[in-house]
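Examining the three-dimensional arrangement
Spelled out, the chains give:
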Amino acid sequence: MKKKLSIFSLVLAFILVLSACASGSGSSSGSSASSSSGTQKKTLRVVDDATYAPFEYMDKGKIVGFDVDILNALSKETGYKVQLANVGWDPVFVELKNKTADMSISAITINSQRKQTYDFSVPYFLSTNKILVKKNSNIKSGADLKGKVIAVQTATTGQAAVEKIVGQNNPNVKKFKTINLAIMELLNGGADAVVADNTVIEEYAKNNPGQNLKVIMDKKAFAPEFYGLMYPKGSNLRSVFDKAINTLYANGTYTKIYQKWFKASPDVNELKA
Ligand code: ARG
């Protein structure tokens, strides 16, 4: 009887120790050495606007793209499981403001205006706005957009850049829910140009050679932009994921994903600067 009791208390003690360990790692900030095991961490709700190939778009019912691969690599690195939801561009901002989502990765440019309401990671991609026009267009620069009809995705840096040239609330700026609708407007003759992130319109022009489109760069009109993961203000995920982004830079994972999608090598130092 005495022996049974002591075995019982031993087992009990063992269970207590085990459960203490489990709850400890579950509430950890992820900065500990055990961060890559992470089975106890909560699943993060990540939102995006999956209409922005090659960064995030729908393919056979699945969200795919460069950002999705980066997100999955970060999930593996941090031990946080992620549930990615395609909610649309405006709802991305609403959800993060209301804290109904934990994070967004959606080709989002880091800028001072957004920083007032949201937190951002370190940069993970270098972009710039460019102009998409028909091949026979006489638009050659940002300044040439004056007096033209320009289609943009609503509330993007593309819209802001165009308005800087042609003025705010200019009726010649047509705003669309997605970049694809803006491009349709150009193809249908309802607009003379589209302004958006270079990679997105370059990819579109390349994949649709029959539509006779060309892309115009104007470094004076459009500044370099950096994409970041976006969080609700004060999120404690930021430092954990920043560390993980730097790990992807250092261990070659970032370069591998970049090469897969862009068939070129990234300048990682440019991003780290
Ligand atoms: N980089 C631009 C911005 O931050 C456009 C991003 C649009 N992203 C998207 N998934 N639709 O405003």
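In this text the structure is predicted, and so the values were computed from the model without any measurement.

1. Overview of the side chain of Glu-185
Position of Glu-185 relative to the elements: it lies in helix α6 (residues 179–187). Discounting residues that sit within four places of it in the chain, Glu-185 has contacts with Ala-151, Lys-174, Phe-176, Gly-190 and Ala-191.

2. Let's talk about the nonpolar core
Counting 51 residues, the largest nonpolar core has Phe-66, Phe-241 and Tyr-254 as the members making the most contacts within it. The residues contacting Phe-66, other than those within four sequence positions of it, are Pro-54, Phe-55, Tyr-124, Phe-125, Tyr-254, Ile-257, Tyr-258, Trp-261 and Phe-262. With 15 residues, the next largest nonpolar core counts Val-162, Ile-165, Val-166 and Val-173 among its residues.

3. Focus on the pattern of salt bridges
As enumerated under the stated definition, the model contains seven salt bridges in all. Here Lys-130 and Glu-202 are joined by a salt bridge, their closest N and O atoms 2.8 Å apart. Here Lys-130 is found in strand β8 (residues 125–134), whereas its partner Glu-202 is found in helix α7 (residues 198–207), with 72 residues between them in sequence. According to the relative accessible area criterion, Glu-202 is partly exposed, its value standing at 30%. Between Glu-185 and Lys-174 there is a salt bridge, and its shortest N-O distance comes to 2.8 Å. One end of the pair, Glu-185, is in helix α6; the other, Lys-174, is in strand β10 (residues 173–176), with 11 residues separating them in the sequence. Glu-185 sits in the buried class, given a relative accessible area of 18%. Overall, the relative accessible area of 29% leaves Lys-174 in the partly exposed class.

4. Observations regarding the environment of Thr-43
With respect to the element layout, Thr-43 can be found in the loop between α1 (2–26) and β1 (44–48). Once the C-alpha coordinates of Thr-43 and Ala-160 are considered, the two residues, 117 residues apart in sequence, prove to be 34 Å apart. Leave out the neighbours within four places in its chain, and Thr-43 touches Lys-81, Val-82, Gln-83 and Asp-102.

5. A word on the site of the ligand
As a structural note, the neighbourhood of the ligand is formed by 14 residues, with Asp-49, Ala-107, Thr-109, Arg-114 and Thr-157 the closest of them. Measuring from an oxygen atom of the ligand, one finds a side-chain N or O atom of Arg-114 at 2.8 Å. Taking Thr-157, its main chain carries an N or O atom lying 2.8 Å from an oxygen atom of the ligand. Summarising the interface, the protein chains cover 100% of the accessible area of the ligand, which totals 350 Å² for the free molecule. Across the shell around the ligand, the residue classes tally to five nonpolar, five polar and four charged.

6. Notes on the packing of aromatic side chains
Enumeration according to the criterion identifies 19 aromatic pairs in this entry. Aromatic side chains Phe-93 and Tyr-118 sit 5.7 Å apart centroid to centroid with 75° between the ring planes, which places their arrangement in the edge-to-face category. Here Tyr-118 lies in strand β7 (residues 118–120) and Phe-93 lies in helix α3 (residues 89–98), a separation of 25 residues in the sequence. What makes Phe-93 buried here is its relative accessible area of 14%.

7. A look at the packing of helix α2 (residues 66–78) against helix α8 (residues 237–250)
Put simply, α2 and α8 touch, their axes get as near as 9 Å, and they point 110° apart. Taken together, the axes of α2 and α8 lie roughly perpendicular to each other. The residues of α8 that touch α2, namely those facing Ile-70, Ala-73, Leu-74, Glu-77 and Thr-78, are Val-240, Phe-241, Ala-244, Ile-245, Thr-247 and Leu-248. Looking at the contact of α2 with α8 residue by residue, the classes come out as eight nonpolar, two polar and one charged.

8. Points about the confidence of the model for the protein
Put simply, the protein has an average pLDDT of 90, and 85% of its residues get 70 or more. Element-level mean pLDDT values for the protein span from 51 in α1 up to 99 in strand β11 (residues 193–197). Predicted confidence is poor over residues 21–36, with pLDDT under 50, and the contacts of this stretch with residues over four places away or in other chains come to 18 contacts.

About the thresholds
- Every chain begins its residue count from 1, and numbering advances along the sequence as written.
- Local features in a predicted model are, by the rule used here, given only for residues with pLDDT of at least 70; side-chain atom pairs are given and counted only at 80 or more, and totals for whole chains, interfaces and linings are based on all residues.
- With hydrogens and water set aside, each side-chain value is computed from the structure's full complement of heavy atoms.
- Helix numbers and strand numbers start at the N terminus; a helix is a DSSP run of H or I with at least 4 residues, a strand a run of E with at least 2.
- Any two residues having at least one pair of non-hydrogen atoms within 4.5 Å are treated as being in contact.
- The set of buried Ala, Val, Leu, Ile, Met, Phe, Trp, Tyr and Cys residues whose side-chain atoms join them within 4.5 Å is what this entry labels a nonpolar core.
- Relative accessible area decides the class of each residue, using a 1.4 Å probe on protein chains only: under 20% of the type maximum gives buried, over 50% gives exposed, and in between gives partly exposed.
- Only one rule defines a salt bridge in this text: a Lys or Arg side-chain nitrogen within 4 Å of an Asp or Glu carboxyl oxygen.
- Residues are counted as near a molecule or strand when any one of their heavy atoms sits within 4 Å of it.
- Whenever two N or O atoms come within 3.5 Å, that pair is a polar contact, provided that in protein one can donate a hydrogen and the other can accept it, and provided that, for residues adjacent in sequence, both atoms are side-chain atoms.
- Reported accessibility uses the Shrake-Rupley method at a 1.4 Å probe radius. Residues are deemed covered only where the shown protein chains occlude them.
- When residues are sorted by character, Ala, Val, Leu, Ile, Met, Phe, Trp, Tyr, Cys and Pro go into the nonpolar class, Asp, Glu, Lys and Arg into the charged class, and all the rest, Gly among them, into the polar class.
- Two aromatic rings from Phe, Tyr or Trp, using only the six-membered ring of Trp, form a pair when their centres are within 6.5 Å; if the ring planes differ by under 30 degrees the pair is stacked, by over 60 it is edge-to-face, and anything between is tilted.
- With axes taken as lines fitted to C-alpha atoms, and helix axes fitted only over the stretch in contact, angles between N-to-C directions fall between 0 and 180 degrees.
- In what follows, roughly perpendicular refers to angles from 65 to 115 degrees, roughly parallel to angles under 35, roughly antiparallel to angles over 145, and oblique to any angle outside these ranges.
- Every residue carries a pLDDT, the predictor's confidence in it, which falls somewhere between 0 and 100.

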